[in-house]
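# Report on the structure
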Amino acid sequence: MASETSGPLGPDSDSAIPHPDGVSNEEFRAAMARLAAGVVLVTAHDPDEGPRGEDIGMTATAFVSVSLDPPLVMVSLRNGSRMDDLLAEQPHWAVSVLSGSQRHIAGRFAMKGRVSDRLLFEDIPWSRGEVSGAPLVGGALTTLECRTEQRVVAGDHTLVIGRVLKVGLAGADGGPLTYFQGKYRQLG
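In this report, the structure presented in the accompanying data block is examined. As the structure is a prediction and not an experimental result, all values here were calculated from the model.

## Details of the overall build of the chain
The helix and strand tally for the chain stands at 4 helices and 12 strands. When burial is assessed residue by residue, the chain has 46% of its 188 residues classed as buried. Considering only contacts within the chain whose residues lie at least 6 apart along the sequence, 63% involve residues at least 24 apart.

Next up, the structure:
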């Protein structure tokens, strides 16, 4: 994946250099590419950017459920990424679990050297979350509005654990968008 994607699949300039324990970034990346992952769009609203604020989004594959009681989820963000910097200041954010037909959205928000996020949101259906104020993608399998409970630095990423404050269950019949061996895929 590209740009602000999460997990071990992100770019790295020294991929062939082994770590002290003997596993290179390239080997680790190849191993993790064999693990299928769901694809989500993490979004937040930056109220301090411009006169009306700015919405930002990031494609992620490192997203999991953590706890049922209380309802907690976790997303892994590359340290220093725009989303990591924003969520260090803004406690409310959202996740849209993308359907198999939303590959174009995942690719758009994972691009390197992308245009402003305002333009990326321009022609996709979305609504503003009541609790988080973040964009919720129309047609997503489900949406979750969250408040950060904890941030844990883990290597070159930060694990952001969020309490789920509101869930939106869509009537979508389609399956999830997945990421496997470096490509977006649909189940079925």
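## What about the pattern of salt bridges?
Here the structure, examined in full by the defined rule, presents 9 salt bridges. For Arg82, the salt bridge goes to Glu54, with nearest N and O atoms at 2.7 Å. Residue Arg82 is located in helix α2 (residues 82-89), and its partner Glu54 is located in strand β3 (residues 54-60); the two are separated by 28 residues in the primary sequence. Taking the relative accessible area as the measure of exposure, Glu54 reaches 14% and is therefore buried. One salt-bridge network, held together by shared partners, links Glu54, Arg82 and Asp117.

## Focus: unusual backbone geometry
Between Asp69 and Pro70 the backbone carries a cis peptide bond, its omega angle lying at 5 degrees. Locating Pro70 in the fold gives a position in the loop between β4 (63-67) and β5 (72-78). Within the chain, Gln181 stands out as a residue other than glycine whose phi angle is a positive 50 degrees. Relative to the helices and strands, Gln181 resides in the loop between β11 (177-180) and β12 (183-186).

## What to know about the nonpolar core
Ranked by size, the top nonpolar core spans 21 residues in total, and within it Val42, Val75, Met83 and Trp93 carry the most contacts. The set of elements that each furnish at least two residues to this core consists of β2 (40-46), β3, β5, α2, β6 (92-97), β9 (142-154) and β10 (157-169). By size, the runner-up hydrophobic cluster in this structure holds 15 residues, among which are Leu98, Phe109, Ala110 and Tyr179.

## Here we look at the pairing of β10
Here β5 runs beside β10; their pairing, made up of 7 bridges, is antiparallel. In the strand pairing of β10, Met74 is matched with Ile161. Here β9 folds back onto β10, and the loop between the two strands holds 2 residues, one of which, Gly155, carries a positive phi near 65 degrees.

## Looking at the pairing of β12
As defined by bridge partners, β11 adjoins β12 across 4 bridges and the pair is classed as antiparallel. Bridge pairing in β12 places Tyr179 opposite Tyr184. Connecting β11 to the antiparallel partner β12 that follows it, the hairpin turn spans 2 residues, and Gln181 within it adopts a positive phi of roughly 50 degrees.

## Remarks on α2
If you check which residues of α2 are buried, you get Met83, Asp84, Leu86 and Leu87. Along the axis of α2, the buried residues cluster in a sector spanning 165 degrees; they form a single face. Here the buried face of α2 lies against β2, β3, β5, β6, β9 and β10.

## Considering the packing of aromatic side chains
Ring pairs (aromatic) are described by centroid distance and by the angle formed between their planes. Enumeration over the complete set of coordinates arrives at 3 aromatic pairs. Grouped by ring-pair contacts, the aromatic residues Phe109, Phe121 and Trp126 constitute a single cluster.

## Re the environment of Pro71
Assignment of secondary structure puts Pro71 in the loop between β4 and β5. For Pro71 and Gly162, which are 91 residues apart along the polypeptide, the C-alpha to C-alpha distance reads 8.4 Å.

## Observations regarding a nonpolar patch on the surface
Taken together, the side chains of Val23, Phe28, Met32 and Leu35 define a hydrophobic patch exposed on the protein surface, amounting to about 350 Å² of accessible area. Mapped onto the secondary structure, Val23 falls in the segment before α1 (25-32).

Analysis parameters
Residues numbered from 1 in each chain as written. Predicted model: local features only at pLDDT ≥ 70, side-chain atom pairs only at ≥ 80, totals over all residues. Heavy atoms only, no water. Helix = DSSP H or I, 4+ residues; strand = E, 2+ residues; numbered from the N terminus. Buried < 20%, exposed > 50% of the residue type's maximum accessible area, 1.4 Å probe, protein only. Contact = heavy atoms within 4.5 Å. Salt bridge = Lys/Arg side-chain N within 4 Å of Asp/Glu carboxyl O. Core = buried A, V, L, I, M, F, W, Y, C linked by side-chain atoms within 4.5 Å. Pairing = 2+ DSSP bridges. Arc of directions from axis to C-beta. Phe/Tyr/Trp six-rings, centres within 6.5 Å; stacked < 30°, edge-to-face > 60°. Patch = residues over 30% accessible without salt bridge, like charges linked within 9 Å, V, L, I, M, F, W, Y side chains within 5 Å. Areas by Shrake-Rupley, 256 points an atom, 1.4 Å probe, with all protein chains shown as cover.

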